[in-house]
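Residue-level listing of the chains:
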Amino acid sequence: MKILIADDEPMQRELLAGFLLKQGYAVSTAADGEEALVLFQREHPQLALIDHRMPGLMGDALLVEIKARNPLARVIMITAYGEVGTAVTVMKAGADDFLEKPIDLTQLLEKIQQIEQDLDIADDVAEVAETLAAGPLPMEIIGSSPSMQETLSVARRVADSPWSVLIQGETGTGKELIARLIHLLGPTPDAPFVEVNCAAIPENLFESELFGHEKGAFTGADRQRRGRFELARGGTLFLDEVGELPPLLQSKLLRALQEKRIHRVGGERDIAVDTRVIAATNRDLRAMAETGAFREDLFFRLNVLDVELPPLRRRREDIPELVAHFLKRYARRPTRVGLETMDLLVRHDYPGNVRELEHIIQRSLTLARGTVLQPKDLPEEVRQGPQVHQGALQERLDAMEREMLSAALAQVDWVQTQAAERLGISERVLRYKMGKHGLQRPKD
Ligand SMILES: Nc1ncnc2c1ncn2[C@@H]1O[C@H](COP(=O)(O)OP(=O)(O)OP(=O)(O)O)[C@@H](O)[C@H]1O
């Protein structure tokens, strides 16, 4: 049996690894959650021993990621002594078992042997892991409309080349899905696919997140850490919402792409990386490059190949098929969609695109009484159908929206989290709306 140990505490890690090796198990060790995930993808262990408290990707998050990649893999969570609450939480979150510190090695061995007995199906685990490792499979991408077919055929053609790809499309159109498809169809489908959401990382942590850091590089850097660029070595680095990358990082990314080398924060030497970069954006990056809001040379680097994802309202013929797909995925029992309901679904405009449709189906399923979705199960804005008073009214509303957005943003010095909170919308919706109205932080 292969066992993965994830613990940031070197002593504990080595103690466990040494003990388990002596018992004849194949052991690999990781010092943090990200590394653990990479190892998990590569080696398909049947069991992971995870320290609940780790910096970076926490034990909880790692648990979820592992179970998402292979539901059959077992996870034993190591919790601090006396933290009954934590133990309950991790079990609820899907851990198979937990052990309190200090670890009783005899007890650990018993648990492992029990798992081994349960896992006569050990071979199946490896097989499932292999199919799941790279995320959603290509056939899960729905779209027979001509525009989606065109997009998919471009994606297939660019997959083989080593060049950077820029995927453009509104929020929720499936950019990440296409990025995974390109990775899977590329020359190294088994290598890691590592995602970075450029809008979600605080500016001061960006460089270390992307390129890693050496021990002591800054206050709090109490150990060496590899960045996502390095973790994606040989595979694909997916830079989501690349338009949000701060200017300094834009230069550093450009250098990394040009020289195929990176530099950890506080590091003395360069590290060669043969990582393919796929970037995605819901903003008009070309326009941003033209106005100087995004480095033009970086734009050209990223945009060597480009894939365009059409908004859902431009390919309404895909809607029924997507509805069927999400019903199959989320309905607990066979469920149909009434004619009138489907009609409303096809006519809705979906500013949040496929993700919005997915959420609508999920939500409707929880509201529906019978096995047929009715119009009353749909959210208000879908049920009302397309607005008749477009034109003048729409223009006024748009103008009002734009004004409210820019006022809210200016009040909080363009901190998007705070502006979204003031407006009572999610950050994602805020960014979408900023894109729609071409709102950008003014340069000082
Ligand atoms: N063609 C499709 N077939 C099936 N599912 C899809 C399709 N397109 C998108 N989805 C689903 O819709 C959701 C959103 O897709 P994804 O995260 O890839 O969008 P995105 O463009 O990367 O969004 P964002 O810009 O907000 O990051 C996901 O759950 C994805 O699985």
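Residues numbered from 1 in each chain as written. Predicted model: local features only at pLDDT ≥ 70, side-chain atom pairs only at ≥ 80, totals over all residues.

Caption draft 1: The environment of Ser145, seen in detail. One can find Ser145 in the loop between helix 6 (122-132) and helix 7 (146-159). Along the sequence, Ser145 and Arg316 sit 171 residues apart, while their C-alpha atoms lie 8.2 Å from each other. When near neighbours in sequence (up to four residues on either side) are disregarded, Ser145 contacts Arg315, Glu317 and Asp318. (Helix = DSSP H or I, 4+ residues; strand = E, 2+ residues; numbered from the N terminus. Contact = placed C-beta atoms within 7 Å.)

Caption draft 2: Quick look at the sheet that holds strand 13 (residues 276-281). Read from one edge to the other, the open sheet built from 5 strands follows the order 7-10-13-6-14, with strand pairing classed as parallel. Single-partner strands in this sheet number two, and they are strand 7 (193-197) and strand 14 (305-309). Between one strand and the next, the sheet's axes are offset by a mean angle of 20°, whatever the strand orientation. As paired strands, strand 10 (residues 236-240) and strand 13 are joined by 4 bridges and run parallel to one another. Each bridged residue has a counterpart across the sheet, and for Thr236 the counterpart in strand 13 is Arg276. Sheet contacts for helix 7: strand 6 (165-169) and strand 14; angle to strand 14, the most-contacted strand, approximately 155°. (Pairing = 2+ DSSP bridges. Axes fitted to C-alpha atoms, helices over the stretch in contact; angles between N-to-C directions.)

Caption draft 3: A look at helix 1 (residues 10-22). Here helix 1 contains 13 residues, and its C-alpha end-to-end distance of 18 Å stays within 8% of the 18 Å for a straight helix at 1.5 Å per residue. Just downstream of helix 1, Gly24 is the residue with a positive phi angle, here 95°. (Expected span 1.5 Å × (residues − 1).)

Caption draft 4: Broad picture of the packing of helix 19 (residues 416-423) against helix 20 (residues 427-437). Running from N to C, helix 19 and helix 20 cross one another at 100°; their axes reach a closest spacing of 9 Å. As far as their axial angle goes, helix 20 and helix 19 are roughly perpendicular. Within the contact between the two elements, helix 19 uses Gln416, Thr417, Ala419, Ala420 and Leu423 and helix 20 uses Glu427, Leu430 and Arg431. Its residues placed into classes, the contact of helix 19 with helix 20 shows 4 nonpolar, 2 polar and 2 charged. (Parallel < 35°, antiparallel > 145°, perpendicular 65-115°, else oblique. Nonpolar A, V, L, I, M, F, W, Y, C, P; charged D, E, K, R; others polar.)

Caption draft 5: Summary view of the sheet that holds strand 2 (residues 26-30). Taken in spatial order, the 5 strands line up as 2-1-3-4-5 in an open sheet, and their pairing is parallel. Either end of the sheet is taken by a strand with one partner, and the two such strands are strand 2 and strand 5 (97-100). The sheet shows a mean angle of 20° between the axes of neighbouring strands, taken without regard to direction. Running over the sheet, helix 3 (residues 59-69) touches strand 1 (2-6), strand 3 (47-51) and strand 4 (74-79) and is turned about 160° from strand 3.

Caption draft 6: Highlighting the site of the ligand. Neighbouring the ligand are 20 residues; Ile142, Gly174, Lys175, Glu176 and Val354 lie closest to it. Mapped by element, the contributors of at least two residues to the shell around the ligand are helix 8 (175-185) and helix 16 (353-367). Among the residues making up the shell around the ligand, the classes are represented as 5 nonpolar, 8 polar and 7 charged. When we break the shell around the ligand down by domain, the ones giving at least three residues each are domain 2 (138-309) and domain 3 (315-383). (Near = placed C-beta within 6 Å. Domains from an automatic or database assignment.)

Caption draft 7: Molecular detail of unusual backbone geometry. The omega torsion of the bond from Lys101 to Pro102 falls at -10°, within 30 degrees of zero and hence cis. Turning to its location among the elements, Pro102 is positioned in the loop between strand 5 and helix 5 (105-118). With a phi angle near 65°, Trp414 is a residue other than glycine that sits in the positive phi range.

Caption draft 8: Region of the structure containing the environment of Leu373. Following the sequence through the fold, Leu373 ends up in strand 16 (residues 372-373). For Leu373, a count of 25 C-beta atoms within 10 Å translates into the label buried. Along the backbone, Leu373 and Gly338 are 35 residues apart, and their C-alpha atoms lie at a distance of 5.9 Å. Ignoring sequence-local partners within four residues, the contact set of Leu373 consists of Thr335, Val337, Gly338, Thr341, Ser364 and Ala368. (Buried ≥ 20, exposed ≤ 12 C-beta atoms within 10 Å, placed from the backbone.)

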